[in-house]
Amino acid sequence: MQIGNYLTREDPLTRADAIFVLAGTRLVRPLEGADLYLEGYAPTLVMSRALDEERAINDIARRGHAFASDAERARDVFASLGIPRAAILIPDGRHDSTAEEAITLRALAIERGWKRVIVVTSKYHLRRGGFAMRRELRGTDVQVIMRGSRYDGMRGERWWTRRAEARWVVSELPKLVAYVLGLGAYWG
């Protein structure tokens, strides 16, 4: 039953050109990115936005109200924690899958000359996220360092004894297989 440990494998942490936080949690992933920035691991913090947010935000706007995305709200909180707004990048695109986020990372890395990027995600998403990022960055000189959020309570071992972790494993395994088969853009 080592599948939990297999899915949650992190890379050794080292300094990088940027920290790229994948969408998918309101604070668990972004707060890890902010802490890594404050600890001096990179001079740029990139906050990805999810597509499903865009639909809801647009609906609120049609009703006459402004509503910030999770990434924009996190940026505002992080600015109050001492991260300069100029160091926080929120790309224009919204993402419906990890594969789409990998495309955005590739474009930013090439445009900005990044050679090493720390990608922050949830622990059980590390293996698939790393696969998607490395596949998209193949042929470039960009190194990806996968980092699970310290605020994510998932542990990896004995995953089958905890309901939330069992859900993650059951969700991630077919998505990982789909990514390995080249179907990643369709599977989150």
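Residues numbered from 1 in each chain as written. Predicted model: local features only at pLDDT ≥ 70, side-chain atom pairs only at ≥ 80, totals over all residues. Heavy atoms only, no water.

## Considering a nonpolar patch on the surface
Part 1: On the surface, Leu38, Val77 and Leu81 cluster together into a nonpolar patch covering about 250 Å² of accessible area.
Part 2: Take leucine 81: it is sitting in the loop between helix H4 (70–80) and strand E4 (88–89). (Patch = residues over 30% accessible without salt bridge, like charges linked within 9 Å, V, L, I, M, F, W, Y side chains within 5 Å. Areas by Shrake-Rupley, 256 points an atom, 1.4 Å probe, with all protein chains shown as cover. Salt bridge = Lys/Arg side-chain N within 4 Å of Asp/Glu carboxyl O. Helix = DSSP H or I, 4+ residues; strand = E, 2+ residues; numbered from the N terminus.)

## Thoughts on the sheet that holds strand E7 (residues 143–148)
Part 1: Sheet architecture is open: five strands sit in the order E4-E2-E1-E6-E7, paired in parallel fashion. A strand with exactly one partner marks an edge of an open sheet, and here the two such strands are E4 and E7.
Part 2: Of the pairings in the sheet, the one linking strand E1 (residues 18–21) to strand E2 (residues 45–47) comprises three bridges and is parallel in character. Directly across from phenylalanine 20, in E2, lies its bridge partner valine 46.
Part 3: Contacting E1, E2, E4 and strand E6 (116–121), helix H5 (residues 98–112) crosses the sheet at an angle of about 160° to E1. (Pairing = 2+ DSSP bridges. Contact = heavy atoms within 4.5 Å. Axes fitted to C-alpha atoms, helices over the stretch in contact; angles between N-to-C directions.)

## Considerations on the packing of aromatic side chains
Here the distance between the centres and the angle between the planes together describe a pair of aromatic rings.
Part 1: For the structure on display, the rule yields zero aromatic pairs.
Part 2: Looking at arginine 15, its charged tip hangs above the ring of tyrosine 41, at a distance of 5.6 Å from the centre. (Phe/Tyr/Trp six-rings, centres within 6.5 Å; stacked < 30°, edge-to-face > 60°. Lys NZ or Arg CZ within 6 Å of the ring centre and 35° of its normal.)

## Overview of the environment of glycine 33
Part 1: Its place among the elements puts glycine 33 in helix H2 (residues 28–38).
Part 2: Here glycine 33 falls in the buried class, since its relative accessible area comes to 0%.
Part 3: It is 32 Å that separates the C-alpha atoms of glycine 33 and glycine 64, two residues lying 31 residues apart in sequence.
Part 4: Residues within four places of glycine 33 in sequence aside, it is in contact with Ile19, Val21, Leu45 and Val120. (Buried < 20%, exposed > 50% of the residue type's maximum accessible area, 1.4 Å probe, protein only.)

Function cannot be read off these values alone, since they describe shape.
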